[in-house]
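Notes for the structure review
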Amino acid sequence: MEPTLAQRIGKNLAAARKAKGITQEKIAQEMHKHQSDYSEYKTGKVQLDYDKMEFLCKRLDITPNDLFDFH
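Everything quoted here is computed from the prediction, not taken from an experiment.

Brief notes about the overall build of the protein chain
- Scanning the protein chain from terminus to terminus reveals five helices and zero strands.
- Along the protein chain, helices and strands appear, N-terminal first, in the series α-α-α-α-α.
- What you see for the protein chain is a C-alpha radius of gyration of 11 Å, in line with the 11 Å of a compact globule of 71 residues.
- Burial status across the protein chain gives 37% buried among its 71 residues.
- Expressed as a percentage of contacts within the protein chain between residues at least 6 apart in sequence, the contacts between residues at least 24 apart total 56%.
- About 4900 Å² of surface is accessible on the protein chain, with carbon and sulfur atoms providing 51% of the total.

Laid out in structure tokens, this is it:
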């Protein structure tokens, strides 16, 4: 089964975060969220809104294309 867009975004988000050496806890704290809430973005259970996407792209130094896997 093909992963959903939310799952692909979660996978790319996790890879970008790990590449920067940033923990889920740190990102969640910066977003004023609990780590368990942030984890739901990573698994694709909860979709990111535009403001969160913009924050994460800037924080992780990635583009929306990187996040959405559009290359």
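Some remarks on the nonpolar core
- Core analysis: the largest hydrophobic core is formed by 17 residues, its most contacted members being Leu13, Ile27, Tyr38, Leu48, Leu56, Leu60 and Leu67.
- Of all elements in the fold, only α1 (5-19), α2 (24-30), α3 (35-43), α4 (50-60) and α5 (64-68) reach the threshold of two or more residues within this core.
- With four residues, the top contributor of residues to this core is α4.

A closer look at the packing of α1 against α3
- Taken N-terminus to C-terminus, the directions of α1 and α3 make an angle of 115°; their axes are 6 Å apart at the nearest point. Of the residues in α3, those in contact with Ala6, Gln7, Gly10, Lys11, Leu13, Ala14 and Arg17 of α1 are Tyr38, Tyr41, Lys42 and Thr43.
- Taken together, the residues that form the contact of α1 with α3 break down as five nonpolar, three polar and three charged.

Let's talk about α1
- Taking 1.5 Å as the rise per residue, α1 with 15 residues should run 21 Å; its terminal C-alpha atoms sit 21 Å apart, in good agreement.
- Tucked into the core, α1 has its buried residues touching α2, α3, α4 and α5.
- The positive-phi residue at the C-terminal boundary of α1 is Gly21, with phi of around 70°.

Section: unusual backbone geometry
- Of note, the phi angle at His32 is positive, near 60°, even though the residue is not glycine.
- Considering the arrangement of structural elements, one finds His32 in the loop between α2 and α3.

Reading guide: rules and limits
- Residues numbered from 1 in each chain as written.
- Predicted model: local features only at pLDDT ≥ 70, side-chain atom pairs only at ≥ 80, totals over all residues.
- Heavy atoms only, no water.
- Helix = DSSP H or I, 4+ residues; strand = E, 2+ residues; numbered from the N terminus.
- Rg over C-alpha atoms; globule rule 2.2 N^0.38 Å.
- Buried < 20%, exposed > 50% of the residue type's maximum accessible area, 1.4 Å probe, protein only.
- Contact = heavy atoms within 4.5 Å.
- Areas by Shrake-Rupley, 256 points an atom, 1.4 Å probe, with all protein chains shown as cover.
- Core = buried A, V, L, I, M, F, W, Y, C linked by side-chain atoms within 4.5 Å.
- Axes fitted to C-alpha atoms, helices over the stretch in contact; angles between N-to-C directions.
- Nonpolar A, V, L, I, M, F, W, Y, C, P; charged D, E, K, R; others polar.
- Expected span 1.5 Å × (residues − 1).

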